[in-house]
Amino acid sequence: MVTASTTGHRANAQGKVRRRRRRLLRVHLARGPWACSSQALPLLLSKQPDVVKHINAQDAFWNATKTVRRRAMENKCDRKRTNERARKSNVLVQHDTTLGARGGGDDEDDECDVLIIGGVLGAFVAHAVATAVPTARVAVVERNESIVGRDQEWNASLDTLTKFLNALGPVHGYDDANTLRDNVTTSRWKCSRAFVEGMSEPLAVTGVMDCGVSPRRLIDAVRDSLVRRGVRIHTGTEATHVHSHRDAAVVQCRAYRRGREKDSGGGGGGGGGGGNHGNIPTQVRARLVVDCTGHFSRFAEESRRLRSKRQPLLHRPPLASEPRGHVVVVGGCLEAPSWPQGNDVADLLACFDTVSQDDIRFGQPLWEAFPADLDVSGTTMPRRTVYMFAYIDDHPDRPSLAEYAGRFVDGLSRYQGVDGHGEEVGVVRFLAGALPCYSDIEGPHVLSEARRVLHVGDASAAHSPLSFGGFGAMIRTLPMLRPRLVRLLESDRLDAGSLRRAAGGEYDPALSSSWLFNRSMSLRVGTSAARTGDCVLRTLRLTFTSLKLLQRFGIRKPADFFLADEMRPIPLMQLLLVMGVRQPLLAYSAAARAGMLVFVRWYVHYVCLCAVSVVRLISFTTSEARRDTGGLKSVVA
């Protein structure tokens with residue numbers, strides 16, 4: 001974060017760094033060894049130019065991350081100088097001044113109460129605020145030409161989806177949340193399962209990731225409802241800078257074009273993108289700015305650097321402003337004449353590969369699959385969503401995303417029984433990326449270092465290191481966030497501390513506890529495959545067989561919570577006790593592989609999780625008792 005006294009020399013230096021970074025990115029795309037061509041990819045992917053372009057772009061970012069890590073390993077001072085130059089970024093500026101009231105002649109379109117940056121998932125936050133506070137003026141800034149959802153489904157649990165739709169508030173055209181849920185849910189299946197090679201039968205659960213949601217239908221319904229409620233939507237508009245003052249925040253905007261950027265000329269950017277008003281504002285003044293721009297948000301990156309700088313030196317990790325791990329994901333929605341393994345059940349996690357010494361740098365490949373578009377009319381072939389993912393770090397020797405994509409195509413025949421190199425399999429949508437996981441002392445934290453600026457969803461880094469984020473992070477955050485935002489807007493308590501507490505606080509022991517499982521399923525580069533090649537597979541087999549054993553005795557909550565990525569103290573302790581009794585040496589080796597320091601920190605987080613659960617139980621019991629007492633008094637009176 002930079003104060004208002006930033007000099008012109010610093011701004012010029014920052015512009016030079018930005019231009020140099022763009023030139024390096026173009027070199028990565030054109031000349032780097034990671035710049036995949038159509039010949040480097042399997043035929044299934046190389047015959048689609050959009051897929052090749054997507055993998056090229058994501059590989060450029062991924063290898064730029066590994067390049068920084070390699071330079072840091074060669075010379076630690078180089079990393080320090082890189083961080084000092086990066087801190088000069090002025091995308092998020094905090095001022096100790098007040099703007100004052102605006103004059104009556106100012107354009108009201110450039111002033112609002114809540115401004116949402118990022119309109120796809122941000123539309124949900126905008127609708128929740130607009131319905132909870134009808135008098136609030138809400139605006140959305142989206143850099144794409146329109147706010148539309150993708151064709152591939154989002155996967156979610158039906159109960160969690162219902163809570164999320166209730167938090168959205170009334171949507172125009174639908175009687176209630178159940179009606180909206182029935183309209184946007186395009187796929188449902190009877191159960192979900194998890195299996196590892198060597199298990200006699202898979203672990204089956206119900207009510208966990210048991211439906212597919214159409215993003216296009218849901219976002220269209222929410223967008224139309226926003227327009228009816230008077231929410232201003234500026235499409236084709238990019239938010240470039242945020243200036244936070246004591247009484248308001250000012251967001252600078254410009255027209256956005258993919259491949260080239262053009263500054264708006266104060267209303268002359270009418271061709272800028274299909275906004276509701278046909279023009280692009282140069283700046284928008286708001287009481288609260290909500291950042292929903294995802295993992296790679298520039299505003300969240302600036303807040304993250306500030307957070308690492310603000311922490312005491314004793315608690316500050318050496319690279320706290322950078323990701324502690326990554327989740328590499330490749331896959332997407334595929335279609336085939338038939339799926340021999342079946343297309344009526346979802347696989348939450350599958351593992352069947354023993355890692356060899358040559359493949360140790362890939363990490364342990366894990367798989368998941370979901371039915372897709374089972375009730376869509378006109379579909380010629382059945383579709384299925386299939387992903388391969390791995391938990392890794394940013395070591396320079398990690399493979400490129402193109403290599404991961406090749407492994408994905410090779411593994412389709414063993415996992416789903418379809419030949420990825422044949423002509424009968426088609427790609428509806430493909431995704432490849434290395435999603436970062438941030439942590440402070442092994443725990444993700446909600447970011448809000450500037451007053452009147454709140455990061456939500458993936459931008460807040462407050463998602464589990466075991467999940468991919470995206471819609472899954474938003475669907476859990478919004479029901480908790482909506483009532484707290486209402487209270488803050490009504491009281492105008494929009495300082496950084498209040499916003500952090502509203503978004504869940506600076507510490508969540510449930511999320512912090514997930515880091516032990518993330519580390520136990522990752523393999524370090526350079527380790528011996530003879531000792532660790534099958535350790536992840538054996539650990540997962542022990543975990544799933546222990547959960548099945550608990551199910552036989554009627555204890556089903558550990559399996560449900562574990563596969564839903566929800567850390568609860570009692571089910572988690574039941575699972576760990578069964579694992580420790582059945583194979584104590586394997587459980588110990590898994591903890592040792594993650595690191596004994598990580599295990600000790602996890603134990604502290606687990607104790608905090610138990611304490612928080614007890615406090616919440618007492619609070620809930622007390623509130624219920626007061627409610628019952630109040631009702632009894634009213635009846636007596």
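Residues numbered from 1 in each chain as written. Predicted model: local features only at pLDDT ≥ 70, side-chain atom pairs only at ≥ 80, totals over all residues. Heavy atoms only, no water.

**Q** Honestly, the overall build of the protein chain in this entry has me stumped. Any pointers?
**A** Helix and strand content of the protein chain: 19 helices and 19 strands. Scored against the burial criterion, the 637 residues of the protein chain give a buried share of 53%. In the protein chain, once contacts between residues fewer than 6 apart in sequence are set aside, the share between residues at least 24 apart is 78%. Of the accessible surface of the protein chain, which amounts to about 28900 Å², a share of 53% is contributed by carbon and sulfur atoms. (Helix = DSSP H or I, 4+ residues; strand = E, 2+ residues; numbered from the N terminus. Buried < 20%, exposed > 50% of the residue type's maximum accessible area, 1.4 Å probe, protein only. Contact = heavy atoms within 4.5 Å. Areas by Shrake-Rupley, 256 points an atom, 1.4 Å probe, with all protein chains shown as cover.)

**Q** How should the packing of aromatic side chains be read in this particular structure?
**A** In this description, an aromatic ring pair is defined by two values, namely the gap between the centres and the angle between the planes. Tallied over the full model, the rule gives 15 aromatic pairs. Between Phe124 and Phe164, the aromatic rings sit 5.2 Å apart at their centres with planes inclined by 90°, giving edge-to-face as the arrangement. Here the residue Phe124 occupies a position in helix H5 (residues 122–132), and Phe164 occupies one in helix H6 (residues 158–168), the gap between them amounting to 40 residues. Among the residues examined, Phe124 registers a relative accessible area of 0% and is labelled buried. Above the plane of the ring of Phe299 lies Arg298, whose end atom (NZ or CZ) is 5.6 Å from the centre. The ring of Phe362 carries the charged tip of Arg407 above its face, separated from the ring centre by 4.1 Å. (Phe/Tyr/Trp six-rings, centres within 6.5 Å; stacked < 30°, edge-to-face > 60°. Lys NZ or Arg CZ within 6 Å of the ring centre and 35° of its normal.)

**Q** What exactly am I supposed to notice about unusual backbone geometry here?
**A** Positive phi, normally seen in glycine, also occurs at Asp492, with a value near 60°. Following the sequence through the fold, Asp492 ends up in the loop between helix H11 (471–491) and helix H12 (496–502). Within the chain, Asp565 stands out as a residue other than glycine whose phi angle is a positive 60°. Mapped onto the elements of the fold, Asp565 is located in the loop between helix H16 (557–563) and helix H17 (569–582). The class of Asp565 is buried, set by a relative accessible area of 14%.

**Q** Explain the sheet that holds strand S8 (residues 211–213) here, please?
**A** The strands making up a sheet associate through hydrogen bonds between their backbones, and the pairing can be parallel or antiparallel. Spatial strand order, S4-S8-S5: 3 strands in an open sheet with antiparallel pairing. Because the sheet does not close on itself, it has two edges, and the strands there are strand S4 (154–156) and strand S5 (185–188). Across this sheet, the average inter-strand angle for adjacent strands is 30°, counted without regard to direction. Examined bridge by bridge, S4 and S8 share 3 bridges and lie antiparallel to one another. Note that in S8 the partner of Asn155 across the bridge is Gly212. (Pairing = 2+ DSSP bridges. Axes fitted to C-alpha atoms, helices over the stretch in contact; angles between N-to-C directions.)

**Q** Got a minute to help me understand the packing of helix H7 (residues 177–184) against helix H8 (residues 215–228) in this structure?
**A** What describes two packed helices is the angle between their axes and the distance between those same axes. Here H7 crosses H8 at 140°, and the two axes come no closer than 8 Å. The pairing of H7 with H8 is recorded here as oblique in orientation. Here Leu180, Asn183 and Val184 of H7 lie close against H8, whose contacting residues are Arg217, Leu218 and Ala221. In terms of residue class, the contact of H7 with H8 is built from 4 nonpolar, 1 polar and 1 charged. (Parallel < 35°, antiparallel > 145°, perpendicular 65-115°, else oblique. Nonpolar A, V, L, I, M, F, W, Y, C, P; charged D, E, K, R; others polar.)

**Q** Help me out: how do you make sense of the pattern of salt bridges in this one?
**A** Think of it this way: side chains of opposite charge can pair up when their charged atoms draw near. With the rule as written, the count across this model stands at 22 salt bridges. In this structure, the salt-bridge partner of Arg451 is Asp96, at a minimum N-O distance of 3.6 Å. Here Arg451, found in the loop between strand S18 (426–437) and strand S19 (453–455), pairs with Asp96, found in the loop between strand S1 (92–94) and strand S2 (111–117); they are 355 residues apart in sequence, far enough to count as distant. Among the ionic pairs, Asp224 bridges to Arg223, the shortest N-O distance being 3.7 Å. Taking the relative accessible area as the measure of exposure, Arg223 reaches 21% and is therefore partly exposed. (Salt bridge = Lys/Arg side-chain N within 4 Å of Asp/Glu carboxyl O.)

**Q** Got a minute to help me understand the packing of H5 against H11 in this structure?
**A** Relative orientation of the contacting elements H5 and H11 amounts to 30°, with a least axis distance of 10 Å. Between H5 and H11, the angle falls in the class roughly parallel. Helix-helix and strand crossings are classified by hand; for H5 and H11 the assignment is right-handed. Residue-level inspection shows Phe124, Val125, Ala128, Val129, Thr131 and Ala132 of H5 in contact with H11, the latter providing Phe471, Met474, Leu478, Arg482, Leu485, Val486 and Leu489. Among the residues forming the contact of H5 with H11, the class breakdown is 11 nonpolar, 1 polar and 1 charged. (Left-handed = near helix turned anticlockwise from the far one by under 90°.)

**Q** So what exactly am I meant to see when it comes to a nonpolar patch on the surface here?
**A** A grouping of Tyr588, Met596, Phe599, Val600 and Val604 is seen on the molecular surface, where their side chains present a nonpolar patch of about 460 Å² in accessible area. Per-element accounting of the nonpolar patch gives the leading share, 4 residues, to helix H19 (residues 596–636). With relative accessibility at 30%, the residue Phe599 sits in the partly exposed group. (Patch = residues over 30% accessible without salt bridge, like charges linked within 9 Å, V, L, I, M, F, W, Y side chains within 5 Å.)

**Q** Please explain helix H15 (residues 535–552) as it appears in this structure.
**A** An α-helical turn contains 3.6 residues, so any two residues separated by three or four positions project in the same direction. Here H15 is 18 residues long and its end C-alpha atoms lie 26 Å apart, about the 26 Å a rise of 1.5 Å per residue gives. When you tally the buried positions in H15, you get 13 out of 18 residues, the bulk of the element. Downstream of H15 by a residue or two, Gly554 has a phi angle that is positive, lying close to 80°. (Expected span 1.5 Å × (residues − 1).)

**Q** What exactly am I supposed to notice about the sheet that holds S18 here?
**A** Pairing in this open sheet of 7 strands is mixed, and the strands run S7-S6-S15-S16-S17-S14-S18 from one edge to the other. Looking at strand neighbours, the two that pair on one side only are strand S7 (203–205) and S18, the edges of this open sheet. On average, each strand axis in the sheet is tilted by 15° relative to the strand beside it, whichever way the strands run. Bridge analysis of strand S15 (residues 346–351) against strand S16 (residues 366–372) gives 2 bridges, and the strand direction is antiparallel. Within the sheet, the bridge partner assigned to Ala350 lies in S16 and is Trp367.

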